[in-house]
Every structure is written in C-alpha cells, then in structure tokens.
Amino acid sequence: PDPLPLEHHVGYVMRPESQVRAALMAHATLFLYTGVLEGSRSTLHEAMRCGAAIVAQETPLNREVAGDGVGWCEAGSAWSMARTMQRIVSNPSYADILRKKAAARVAGYSWEATAASLVRLFERTSADYRQPEVDERPEAIVARIRDVAP
C-alpha cells in the first residue's frame, strides 16, 4: 500500500492566471518549491505571501529568502523531499507553524523596499567611483594609441 496515496490529491496546473495561482497556493495542503536557479525567488515569495505550507530545496538563496518559514529538504534529494512533504501532510500543527513564520518573514519584503535598496547601492557605488582624468589633447590621444598599437 502507498503510504501517501497521492494520485487523487496532487494537481499540476500549467501557467495559471495570478488570481487562480494565489487561490491554489492559499488552499493547498502544501506547496512544493523546487527552484534552485530562479534569480528573484518571486514564486517562493508569492507562496509565502499566500499562506502556503512550503517545502523547498535548501540552497543559500532559498534560505536567504525564506529563513525558517518553510520545510527544508536536501537539494536534489527526492527522498529528503518526500520525507519533508510527509512531515507537513501528517502534522497540521507543523504546517501552521511554517505558515505563520513564512507570513512574518515575507511581511518585510516589498518591491518598493527592494528598489529603494538598489538605488541606495547605486548611489553609494557611483559616489565611490571616480572617472580617471584623461588628457583629451590630440597629441595625448595619439600617444595612447601608439602605446597600445602593435
């Protein structure tokens, strides 16, 4: 007998609209996030914001985003993933704890805060960068060309 008879409980929806996706995440028993290469982790953020109990592969970037708000599994290990899924499915109080931790963590994220942080970084970086003074006189330009010409 299958310890987790999933054939009647697992669904895959190809490219759902954002409102449908949010509703699916909010009502799912768990959300499996298998991403290890997605740069912005927007799907992980979205699942956290929707209140899903999440299983995710443990990578430095995923860990940075989700902290202790998801059930972690060893990256690339189907066995570890299955064990973590089983733990969430069989323990609703653990799933609730993960949902609360994820909601608290994601509450601090916003695109506005991320953009403002990038602007501050660019401002600091550009202030630290000094364009070297370049002699623009024709004879100086010719001398530089001679220095690099074969």
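So, a few notes on the structure that sits alongside this text. Note that the coordinates shown come from a computational prediction; the quantities given were computed from them, not determined experimentally.

## Structural notes on the nonpolar core
Here's step 1: Phe-31, Leu-44, Met-48, Ile-54 and Val-70 are the most contacted members of the largest nonpolar core, which totals 15 residues.
Here's step 2: Looking at this core, the elements with two or more residues in it are strand S1 (31-33), helix H2 (42-50), strand S2 (54-58), helix H3 (60-66) and helix H5 (92-106).
Here's step 3: When residues of this core are assigned to their parent elements, the largest contribution, 3 residues, is made by H2.
Here's step 4: Leaving out residues up to four positions away in the same chain, Met-48 has contacts with Ile-54, Val-65, Ala-66, Ala-102, Ala-103, Arg-105 and Val-106.
Here's step 5: Formed by 10 residues, the second largest nonpolar core is a distinct cluster that contains Val-55, Cys-73, Ile-88 and Leu-98.

## Looking at the packing of aromatic side chains
Aromatic rings considered in pairs are described by the distance between their centres and by the relative angle of their planes.
Here's step 1: Throughout the structure, instances matching the rule amount to 0 aromatic pairs.
Here's step 2: Positioned above the aromatic ring of Tyr-94, the side-chain terminus of Arg-87 is 3.7 Å from the ring centre.

## Observations regarding the sheet that holds S2
In sheet architecture, strand pairing relies on hydrogen bonds along the backbone and comes in two forms, parallel and antiparallel.
Here's step 1: Here we have 3 strands laid out as an open sheet, ordered S1-S2-S3, and parallel in their pairing. Looking along the sheet, the strands with just one partner apiece sit at the ends: S1 and strand S3 (71-74). Here the strands of the sheet are splayed against their neighbours by 25° on average, with no regard to which way each runs.
Here's step 2: The pairing of S2 with S3 spans 4 bridges and is classified as parallel. When the bridges of S3 are listed, Ala-56 appears paired with Trp-72.

Rules and cut-offs
- Residues numbered from 1 in each chain as written.
- Predicted model: local features only at pLDDT ≥ 70, side-chain atom pairs only at ≥ 80, totals over all residues.
- Heavy atoms only, no water.
- Core = buried A, V, L, I, M, F, W, Y, C linked by side-chain atoms within 4.5 Å.
- Buried < 20%, exposed > 50% of the residue type's maximum accessible area, 1.4 Å probe, protein only.
- Helix = DSSP H or I, 4+ residues; strand = E, 2+ residues; numbered from the N terminus.
- Contact = heavy atoms within 4.5 Å.
- Phe/Tyr/Trp six-rings, centres within 6.5 Å; stacked < 30°, edge-to-face > 60°.
- Lys NZ or Arg CZ within 6 Å of the ring centre and 35° of its normal.
- Pairing = 2+ DSSP bridges.
- Axes fitted to C-alpha atoms, helices over the stretch in contact; angles between N-to-C directions.

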